[in-house]
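Residue-level structural notes
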Amino acid sequence: MSNSILMLVLVVSMIIAGCSSTEKNEDTVTERVIASDFVLEVTTPTVLDTGEAMKVKGTLKYTGSKSVEVFHGKPIIRFSFSGSDEERNYADVGYVTEFKSGQVVEVEDEFMVTKKGKQNLFVDMTADVSITMNPIGILVK
C-alpha cells in the first residue's frame, strides 16, 4: 500500500513538473471561414505586449473539383490591425490566379504593436469570391 502511495506521489509530481514551463506561452488562435469552394484560415497571436511584432498568417485553400479562375488584388488575403499605426499599400485589381483542386495560397504579414488594450485584426479577401471573417480580438498589454 505504501509503495502505491509513494508511486502515485512520484507520478503526480512528475506530471506537475512536466507541465510547468519557463518559456513564454504565446496564446494563438486559428479562425476558419468556408465560402463556396474556398477555406480561409487565419492564425494569429491573441495576447501581445506593446512594442512586439505581431506575425499573422492567412491560408486560402481551394476545395472544388474543377479549376477556376479568380480575379483579385495583391495580396489576395489582406490584414489590418487596429493596434498598429502601420498602413499598407495594396494593388486592388489586375491579378488572375487559376486555382486547381487542393491548391493553397499562403500570405504572411507582420505589424509592430503600438497601442494597448483590446485591439482587432481584420482580414479581407480582395477577389471576385466573397469571404467575410469576423474581426479577431487581440489583447495588447
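What comes next concerns the included structure. Note that the structure is predicted; figures quoted are calculated from it, not measured. (Residues numbered from 1 in each chain as written. Predicted model: local features only at pLDDT ≥ 70, side-chain atom pairs only at ≥ 80, totals over all residues. Heavy atoms only, no water.)

1. What about the sheet that holds strand β8 (residues 117-127)?
As a reminder of what qualifies: Each pair of strands is called paired provided DSSP finds at least two bridges between the two strands. The numbering of helices and of strands both runs from the N terminus, where a helix is a DSSP run of H or I of at least 4 residues and a strand a run of E of at least 2.
Taken together, five strands build an open sheet; the order of strands is β3-β9-β8-β5-β6 and the sheet is mixed. Each end of this open sheet is capped by a strand with a single partner; those strands are β3 (47-48) and β6 (91-99). Pairing geometry for β3 and strand β9 (residues 136-140), over two bridges, is parallel. Paired with Leu-48 across the bridge in β9 is Val-140.

2. Description of the nonpolar core
Put simply, the rule reads: We define the nonpolar core as a collection of buried residues of types Ala, Val, Leu, Ile, Met, Phe, Trp, Tyr and Cys that are connected through side-chain atoms lying within 4.5 Å of one another. Only protein chains enter the calculation, and the probe is 1.4 Å; a residue is then buried if its accessible area is under 20% of its type maximum, exposed if over 50%, and partly exposed in between. Contact definition: two residues touch when any of their heavy atoms are within 4.5 Å.
One finds Met-54, Leu-60, Ile-76, Phe-79, Leu-121 and Ile-131 to be the most contacted residues of the largest nonpolar core, which totals 29 residues. With residues near it in sequence (within four places) discarded, Ile-131 still touches Val-33, Ala-35, Phe-38, Leu-40, Leu-60 and Met-125.

3. Examining the pattern of salt bridges
For clarity, the cut-off: Criterion for a salt bridge: a side-chain nitrogen of Lys or Arg within 4 Å of a carboxyl oxygen of Asp or Glu.
On inspection of all chains with the given rule, the structure shows five salt bridges. A salt bridge links Lys-57 to Glu-106; the shortest N-O distance between them is 3.6 Å. Within this pair, whereas Lys-57 is found in strand β4 (residues 53-62), its partner Glu-106 is found in strand β7 (residues 104-112), the two being separated by 49 residues in sequence. Among the residues examined, Glu-106 registers a relative accessible area of 48% and is labelled partly exposed. For Asp-85, the salt bridge is made with Lys-115, and the minimal N-O distance between the two is 3.5 Å. Taken together, the positions of Asp-85 in the loop between β5 (68-81) and β6 and Lys-115 in the loop between β7 and β8 put the pair 30 residues apart, joining distant regions of the chain. Since its relative accessible area comes to 56%, Asp-85 is described here as exposed.

Honestly, it's all geometry; don't read function into it.
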